[in-house]
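# Residue-level structural notes
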Amino acid sequence: MTPPNPRTRFFYPSSSVQVLLAIGTAIALGYLRPATAIAMKPLGDAFIRLIAMIITLIIFCTVVTGIAGMEDMKKVGRVGGKALIYFEVVSTLALLIGLVGGNVLHPGSGFNANAAALDAKAVADYAGQAKAQSVSDFLLHLNTVVDAFTKGDILQVLLVSVLFGFALSMAGPRSKPLLDFLNLLTEAVFGIVKILMHFAPIGAFGALAFTIGKYGVSSLGPLVKLIGTLYITSILFVFIVLGMIARMAGFGILRFLAYIKEEILLVLAISSSEPAMPTLMAKLEKLGCSKGLVGLVVPTGYTFNTDGTSMYMTLAALFVAQATNTPLTLTQELTIFAVAVLTSKGASGVQGAAFIALVATMTVIPTIPVAGMALILGIDRFMSMCRATVNMIGNGVATVVVARWEKELSAETLRQNLG
C-alpha cells in the first residue's frame, strides 16, 4: 500500500484550521463587501438547523442509554446530584463575577443615554417572550412526548429522557432488545453528526460573515467598553475559576482548551453552543468519561450550567442602569442577582435566549428602563460569541470534574489523554 504524500496534507487541513480559515475569510468579506457578506447568512442558519434537527434525538438517546446502562440506580442519583450542585455553585459564582465586574469597571459610565429617546419597540418582542415560567406552567406546557421533541425544548426532552431511562432500567433484562436498538441508534446519530461537521467551516463562514457585514466593526465603537468588560471577565473566569477547579481535579485548563479547540472555534463563529454539543460529548467519552455520565451531565449542563450567560446577565443589567444614569442600591443589585439565578437557567444554546432572560431579569427593578436594552441589542451577537463559548467550556470542565469525583478515570490517565 502506497503511503500518503505528506505534501498533500496542505490541501486537507485539520478541522480547526478549516474553521480558522473560514473565520478569517468571513471577517475580510464582512469588512470589504458588507452586502455580499450579509447574503451569506443562510449558510450559517442552514448549518445550525442541520445540527438542531438532531440535538433532541442525541439528548434522548444518550440520556436514556446512560441511565439504563448504569446498573446501579444509586449512581444515577449520585451523579445527577453532584452535577446539579456543581452547576448551581459555579453558575452562581459566575453571576457574582459579572456583578463585581460591572461595579469595578463601570462599562456604562459616561454613556448618558436618554431612555425616552431609545427605541422601545426593538425590545418589545423580547419583552413579550420574557415571562417567567413557573413549575406548574412547565408541566401544563407538556402535551405529548412528540411535542417536546418537535419544539426542541431541551428541558422537556430531558424530563422525558430521564423517565424513559428509569423505566427501561426497572424493566430489567426484558428491556435489553430496546436498549440495544437505542445504542445502535445513538451510533447512527453520531455518524450523521460526523458527516454534518464537514460543513462546519461553511456554517462558521456564513454566520460570522453576516455578523460582520450587518453590524460592522464600527458598530462596536460606542459599546466597546461593555464588550471588552464581558470578554475580560470571561477570560478571568475560565483561566482562574475553571482553572482552579480543573487543577483540583487533576488536569490543566490550557491542555483541556487545546483538546476542544475545534469546538471553541466553532462556537465562537456560530454564536451558539448547541452545534458543538455532539462532538464535545464524543471527545469527553474519548477522554475517559463513561458514556452514561457524559450522556447525563452534558445535556443537563446545557440547561442548568450557563456560566457565560450568567456573567452576561448581571453585567449587562448594570450596564443599562449605568448608561441611563439610573442609580441602584445594594438591595436592588442583590435582587437582580437573586432573580438572575433563576432566569439564567435554560438560556444557553439558542440564539437570543439570553437576551430574553435578561429582559425578564430587569423587569424586577422598575426604575431601570427596559428600553435601555435597545443599546445592546445591535451588538448582542458579538457578546453571544463569548457567552456561548464559556457555556460550552464550563460544561466540558464540569463533566470531567464529576467523572473524577466518581473515580471513573485517574488523574494520570486524564493527563495522558489530554496530552
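Counting from 1, residues in each chain are numbered in the order their sequence is written. Local features are withheld for residues below a pLDDT of 70 in this predicted model, meaning they are given only at 70 or higher, and side-chain atom pairs are given and counted only at 80 or more; totals for whole chains, interfaces and linings count all residues. Side-chain calculation: all heavy atoms of the structure are included, whereas hydrogens and water are not.

Secondary structure elements follow DSSP: runs of H or I no shorter than four residues count as helices, runs of E no shorter than two count as strands, and numbering proceeds from the N terminus. Each helix and strand counted, the protein has 21 helices and zero strands in total. Relative accessibility thresholds used throughout: buried, under 20% of the residue-type maximum; exposed, over 50%; partly exposed, between the two (1.4 Å probe, protein chains only). When the 419 residues of the protein are sorted by exposure, 53% land in the buried category. Sequence-distant contacts, at least 24 apart, represent 85% of the contacts inside the protein between residues at least 6 apart. Of the roughly 18,900 Å² of accessible surface on the protein, a fraction of 68% belongs to carbon and sulfur atoms. Throughout, a residue-residue contact means that at least one pair of heavy atoms, one from each residue, lies within 4.5 Å. Every accessible area reported is derived by Shrake-Rupley at a probe size of 1.4 Å, with residue values counting cover from the shown protein chains alone.

Our next topic: the confidence of the model for the protein. Detail in the predicted coordinates should be disregarded across regions flagged by low pLDDT. Mean pLDDT over the protein stands at 83; residues scoring 70 or higher make up 85%. Here helix H6 (residues 135–141) is the element of the protein with the lowest mean pLDDT, 52, and helix H12 (residues 253–259) is the one with the highest, 95. For residues 6–11, every residue scores under 50 in pLDDT, and the model assigns this stretch one contact once sequence neighbours within four places are set aside. Residue-level confidence of the predictor, termed pLDDT, takes values from 0 up to 100.

Any residue with an atom within 4 Å of a point lines the site, the site being either a cavity, points on a 1 Å grid over the protein atoms alone where a 1.4 Å probe fits but cannot get out, or a pocket, an open set with protein on both sides within 12 Å along at least 5 of 7 lines. Grid points are joined across faces, edges and corners, and a volume is the space filled by probe spheres set on the points. Of the pockets and cavities examined, the second largest pocket occupies roughly 560 Å³. Ser15, Lys194, Met197, Glu263 and Thr279 are the residues nearest the centre of the second largest pocket, which is lined by 19 residues in total. Looking at the lining of the second largest pocket, the elements with two or more residues in it are helix H1 (15–32), helix H9 (176–196), helix H10 (200–215), helix H13 (261–270) and helix H14 (277–287). Of the residues belonging to the lining of the second largest pocket, the class tally is nine nonpolar, five polar and five charged. Nonpolar residues are Ala, Val, Leu, Ile, Met, Phe, Trp, Tyr, Cys and Pro. Charged residues are Asp, Glu, Lys and Arg, and all others, Gly as well, are polar.

Centre distance within 6.5 Å is the pairing criterion for rings of Phe, Tyr and Trp, where only the six-membered ring of Trp is used; planes under 30 degrees apart are then read as stacked, over 60 as edge-to-face, and the remainder as tilted. As enumerated under the stated definition, the model contains four aromatic pairs in all. Chaining the aromatic ring pairs together yields one cluster made of Tyr86, Phe87 and Trp405. Positioned over the ring face of Tyr259 is Lys283, at 5.7 Å from the centre of the ring. Stacked on the ring of Tyr312, the Lys or Arg Arg387 has its end atom at 4.2 Å from the ring centre. For a ring to carry a charge above it, either NZ of a lysine or CZ of an arginine must fall within 6 Å of the ring centroid while also lying within 35 degrees of the normal to the ring plane.

Attention shifts here to the packing of H13 against helix H20 (residues 380–405). Lines fitted to the C-alpha atoms define the axes, with helices restricted to the stretch that makes contact. Angles between their N-to-C directions range from 0 to 180 degrees. Packing of H13 against H20 brings their axes to within 7 Å, and their N-to-C directions diverge by 150°. The angle between the axes of H13 and H20 places the two elements in the roughly antiparallel class. With respect to the hand of their crossing, H13 and H20 are arranged in right-handed fashion. Contacts between H13 and H20 involve Glu263, Ile264, Val267, Leu268 and Ile270 from the former and Arg381, Met385, Ala388, Thr389, Met392 and Ile393 from the latter. Taken together, the residues of the contact of H13 with H20 break down into eight nonpolar, one polar and two charged. Roughly parallel covers angles under 35 degrees, roughly antiparallel covers those over 145, roughly perpendicular covers 65 to 115, and oblique covers all other angles. Left-handed describes a crossing whose near helix is turned anticlockwise from the far helix through less than a right angle; right-handed describes the clockwise counterpart.

What follows covers the pattern of salt bridges. What counts as a salt bridge is simple: a side-chain nitrogen of Lys or Arg found within 4 Å of a carboxyl oxygen of Asp or Glu. Throughout the structure, instances matching the rule amount to nine salt bridges. Note that Asp45 and Lys41 form a salt bridge whose closest N and O atoms lie 2.6 Å from each other. Of the two residues, Asp45 and Lys41 are both situated in helix H3 (residues 41–69); the distance of four residues between them amounts to about one turn of the helix. We classify Asp45 as partly exposed; its relative accessible area is 26%. Exposure remark for Lys41: the relative accessible area of 31% places this residue in the partly exposed category.

Right, let's talk about the side chain of Asn305 for a bit. Among the secondary structure elements, Asn305 is positioned in the loop between helix H15 (291–304) and helix H16 (307–323). We classify Asn305 as buried; its relative accessible area is 0%. Polar contact is defined as a pair of N or O atoms within 3.5 Å, subject to the rule that within protein one atom must be able to donate a hydrogen and the other to accept it, and that residues adjacent in sequence are counted only when both atoms are side-chain atoms. In this structure the side chain of Asn305 is engaged in a polar contact, spanning 3.4 Å, whose partner is the backbone oxygen of Gly394. Of note is the side chain of Asn305, whose polar atom sits 3.1 Å from the side chain of Asn395. Leaving out residues up to four positions away in the same chain, Asn305 has contacts with Tyr86, Phe87, Ser91, Thr300, Asn391, Gly394, Asn395 and Ala398.

When you line up the elements, Leu296 lands in helix H15. As a C-alpha pair, Leu296 and Ala83 span 213 residues in sequence and 9.0 Å in three-dimensional space. Beyond its immediate sequence surroundings of up to four residues, Leu296 is in contact with Val63, Ile67, Val76, Val79 and Gly80.

Looking at the element boundaries, Ala317 is found in helix H16. For the pair Ala317 and Val359, spaced 42 residues apart in sequence, the C-alpha to C-alpha distance is 8.7 Å. Residue contacts for Ala317: discarding those within four places in its chain leaves Ile336, Leu358, Met362 and Ile368.

Along the chain, the position of Val401 falls in helix H20. Distance in space between the C-alpha atoms of Val401 and Arg247 is 9.9 Å, their sequence separation being 154 residues.

Further remarks concern the nonpolar core. In terms of nonpolar packing, the biggest core is built from 122 residues, with Leu242, Tyr312, Ile376 and Val397 touching the most fellow members. If you tally residues by element for this core, the top one is H20, at 14 residues. Residues contacting Ile376, with those up to four places away along its chain left out, are Leu223, Leu226, Tyr312, Ala316, Phe319, Phe355 and Leu358. Side-chain atoms within 4.5 Å are what join buried Ala, Val, Leu, Ile, Met, Phe, Trp, Tyr and Cys residues into a set we call a nonpolar core.

Here we take up the packing of H3 against H14. Angle between the axes and distance between the axes are the two parameters that describe a pair of packed helices. The interhelical angle for the contact between H3 and H14, taken along N-to-C directions, is 30°, at an axis separation of 10 Å. With respect to each other, H3 and H14 are oriented roughly parallel. Where H3 abuts H14, its residues Ile55, Ile58, Ile59 and Thr62 lie against Met277, Pro278 and Met281. Of the residues contributing to the contact of H3 with H14, the split by class is six nonpolar, one polar and no charged.

What follows covers helix H11 (residues 224–249). Given a helix with a known number of residues, its expected span is that number minus one, times 1.5 Å. Between its first and last C-alpha atoms H11 spans 36 Å; for 26 residues at 1.5 Å apiece the expected length is 38 Å, and the two agree. A positive phi of about 100° marks Gly250, the residue just after H11.

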